[in-house]
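Residue-level structure breakdown
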Amino acid sequence: MRPQTKSDDETTVSQMKLIFNEIQTIYDAGTPIFTKDNIRKVGEELQRFQNGERENGGKVVLKGVNGVDYEVSVAPRGDDPPRENEYFGGSAWAISYRSIQCLTTSYTEAELFDFQSAYLPMRICAAIRLLNNSPEDKEPPAPPVEDFSTYQAMERQWRASQHYEQVQAILATIEVPCSLTKVIGLALGALVPRSQVIKRHVLQHALISAIHSTLVRHGILSVSSKQYVQDPAYSQRARDILHSAGLTVLEDPQALLELDESSVLVCINTELPVEDIVADICRPGIIIWTQRRHNLPLSPRVNSMIENEYLETGFPHHECFGNMVILTRKST
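The rules we used
Residues numbered from 1 in each chain as written. Predicted model: local features only at pLDDT ≥ 70, side-chain atom pairs only at ≥ 80, totals over all residues. Heavy atoms only, no water. Helix = DSSP H or I, 4+ residues; strand = E, 2+ residues; numbered from the N terminus. Buried < 20%, exposed > 50% of the residue type's maximum accessible area, 1.4 Å probe, protein only. Contact = heavy atoms within 4.5 Å. Areas by Shrake-Rupley, 256 points an atom, 1.4 Å probe, with all protein chains shown as cover. Pairing = 2+ DSSP bridges. Salt bridge = Lys/Arg side-chain N within 4 Å of Asp/Glu carboxyl O. Phe/Tyr/Trp six-rings, centres within 6.5 Å; stacked < 30°, edge-to-face > 60°. Axes fitted to C-alpha atoms, helices over the stretch in contact; angles between N-to-C directions. Parallel < 35°, antiparallel > 145°, perpendicular 65-115°, else oblique. Left-handed = near helix turned anticlockwise from the far one by under 90°. Nonpolar A, V, L, I, M, F, W, Y, C, P; charged D, E, K, R; others polar. Expected span 1.5 Å × (residues − 1). Arc of directions from axis to C-beta.

Focus: the overall build of the chain
Of regular secondary structure, the chain possesses 10 helices and 13 strands. When each of the 332 residues of the chain is scored for burial, the buried share is 50%. Taking contacts inside the chain between residues at least 6 apart in sequence as the whole, the part at least 24 apart equals 70%. In the structure as shown, the chain presents an accessible area of about 16300 Å², 49% of it carried by carbon and sulfur atoms.

Considering the sheet that holds strand S7 (residues 180–186)
Pairing between sheet strands relies on hydrogen bonds along the backbone, with the strands arranged either parallel or antiparallel. Pairing is mixed in the open sheet, where seven strands are placed in the order S9-S8-S7-S10-S11-S13-S12. What marks the edges here is a single partner per strand, and that holds for strand S9 (248–249) and strand S12 (310–314). Two elements, S7 and strand S8 (residues 221–230), share six bridges in a ladder whose sense is parallel. By the bridge assignment, leucine 180 is partnered in S8 with leucine 221.

Comments concerning the pattern of salt bridges
Opposite charge on two side chains allows them to pair when their charged atoms are near. A complete count under the given rule lists 12 salt bridges for this structure. Residue glutamate 155 pairs with arginine 159 through a salt bridge whose shortest N-O separation is 3.4 Å. In this pair, glutamate 155 and arginine 159 both sit in helix H4 (residues 147–159), four residues apart, roughly one turn of the helix. Given a relative accessible area of 14%, glutamate 155 falls into the buried group. A relative accessible area of 29% places arginine 159 in the partly exposed class. A salt bridge links arginine 329 to glutamate 309; the shortest N-O distance between them is 3.8 Å. Residue arginine 329 is found in strand S13 (residues 324–329), and its partner glutamate 309 is found in helix H10 (residues 300–309); the two are separated by 20 residues along the sequence. Overall, arginine 329 belongs to the buried group, its relative accessible area being 19%. The exposure class assigned to glutamate 309 is partly exposed, which follows from its relative accessible area of 24%.

Some remarks on the packing of aromatic side chains
Applying the stated criterion across every chain yields a total of nine aromatic pairs. Both rings, one in phenylalanine 34 and one in tyrosine 97, keep their centres 6.5 Å apart while their planes meet at 45°; by these two values the pair is tilted. Taken as a pair, phenylalanine 34 in the loop between helix H1 (6–28) and helix H2 (36–50) and tyrosine 97 in strand S4 (residues 93–97) lie far apart in primary sequence, 63 residues in all. Side by side, phenylalanine 34 and tyrosine 97 carry an identical accessibility label, which is buried. Aromatic side chains tryptophan 158 and phenylalanine 321 sit 5.9 Å apart centroid to centroid with 50° between the ring planes, which places their arrangement in the tilted category. One end of the pair, tryptophan 158, is in helix H4; the other, phenylalanine 321, is in the loop between S12 and S13, with 163 residues separating them in the sequence. Of the two residues, tryptophan 158 and phenylalanine 321, neither departs from the other in class, the shared state being buried. The structure contains a cluster of three or more aromatic residues connected by ring pairs, namely Trp158, Tyr164, Phe315 and Phe321.

Describing the environment of isoleucine 198
By the secondary structure assignment, isoleucine 198 is in the loop between S7 and helix H6 (199–217). Accessibility expressed as a relative area gives 1% for isoleucine 198, which makes it buried.

Let's talk about the packing of H4 against helix H7 (residues 236–244)
Running from amino to carboxyl end, H4 crosses H7 at an angle of 55°, the nearest separation of the two axes being 9 Å. Between H4 and H7, the angle falls in the class oblique. As H4 runs across H7, the sense of the crossing is right-handed. Residue-level contacts link Asp147, Phe148 and Tyr151 of H4 to Arg237, Ile241 and Ser244 of H7. Looking at the contact of H4 with H7 residue by residue, the classes come out as three nonpolar, one polar and two charged.

Some details on the packing of H4 against H6
The geometry of H4 relative to H6 is characterised by a closest axis approach of 9 Å and an angle of 65° between their N-to-C directions. In this structure, H4 meets H6 at a crossing whose hand is right-handed. On the side of H4, the interface is formed by Tyr151, Met154, Glu155, Gln157, Trp158 and Arg159, while H6 contributes Lys199, Val202, Leu203, His205, Ala206, Leu207, Ser209, Ala210 and Ser213. Residues that form the contact of H4 with H6 fall into these classes: eight nonpolar, four polar and three charged.

A word on H2
Here H2 contains 15 residues, and its C-alpha end-to-end distance of 20 Å stays within 8% of the 21 Å for a straight helix at 1.5 Å per residue. Taken together, the buried positions of H2 are Asn38, Ile39, Val42, Gly43, Glu45, Leu46 and Phe49. One side of H2 holds all its buried residues, which, seen down the axis, span an arc of 165°. Where H2 is buried, its residues meet strand S1 (58–63), strand S2 (69–74), S4, strand S5 (122–126), helix H8 (254–258) and helix H9 (274–281). Immediately beyond the C-terminal end of H2, within one or two residues, lies glycine 52, with a positive phi of roughly 90°.

This is the structure:
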């Protein structure tokens with residue numbers, strides 16, 4: 001094969017810009033990047049990988065934002081052991097969700113650009129998860145039998161803190177135009193990425209329980225309301241802890257399909273483009289999420305949703321939660 005010339009690069013970059021401009025035009029016309037129907041179909045394809053039907057990868061047909069079906073290849077999982085900052089845990093396969101910014105910006109060299117998947121807001125891939133290299137990730141292993149007692153101890157300590165009192169005070173002031181039926185925690189972390197329960201992930205999950213009990217007590221959530229969590233990174237150890245904590249684990253992308261106007265959505269420091277997804281598929285009654293993740297600007301569609309349809313309240317700062325806000329749906 002002859003080496004790629006500068007002219008080839010220029011042609012590729014020109015084609016990439018045409019695609020980005022087309023996607024931006026589709027977005028600006030009001031076309032949803034994400035729909036529940038498309039999310040459901042990608043989830044059905046993911047299930048085939050999870051069930052072992054396509055353990056060695058394979059071809060799948062996925063719909064682009066331009067309405068065209070594309071047949072794309074999903075690479076098989078590698079056999080190499082994890083490197084120092086990686087771990088294998090949770091689901092072997094995952095859905096990669098792409099924001100409008102990712103769909104209209106190139107983060108790769110021109111010769112590596114994948115034209116076949118350029119229009120796809122969701123792709124299926126073999127999961128590789130990175131550790132944060134925090135001190136907690138390097139703690140010595142603990143036996144699984146201690147997991148839930150460790151979780152409870154961390155939760156009790158937080159519930160006795162001033163931060164918890166501040167959260168309770170804010171939740172007590174919330175008013176919504178309708179009764180809510182579920183709390184959904186999305187991408188709250190692996191909980192046990194190696195063999196040690198991680199405090200920041202414990203508190204993020206404990207927040208789901210705290211929100212649920214408080215809003216039930218104030219009559220905002222129904223007594224029969226559900227507590228759901230979803231993260232493809234959950235190992236079986238994490239699932240056992242969450243079951244003991246009274247949280248129901250959903251498989252990707254079921255939490256997004258459950259999400260509706262009667263939901264409380266909680267999402268903290270995630271790579272998932274949750275703002276773009278929510279702006280396209282529904283309007284939860286309450287949203288509690290990280291404010292402007294990674295200092296990236298929100299899309300016009302997300303900004304419009306927040307400014308016109310929600311009231312914003314600050315969430316008390318804590319090292320395990322970061323910079324968060326509470327959005328409450330305005331009365332219609």
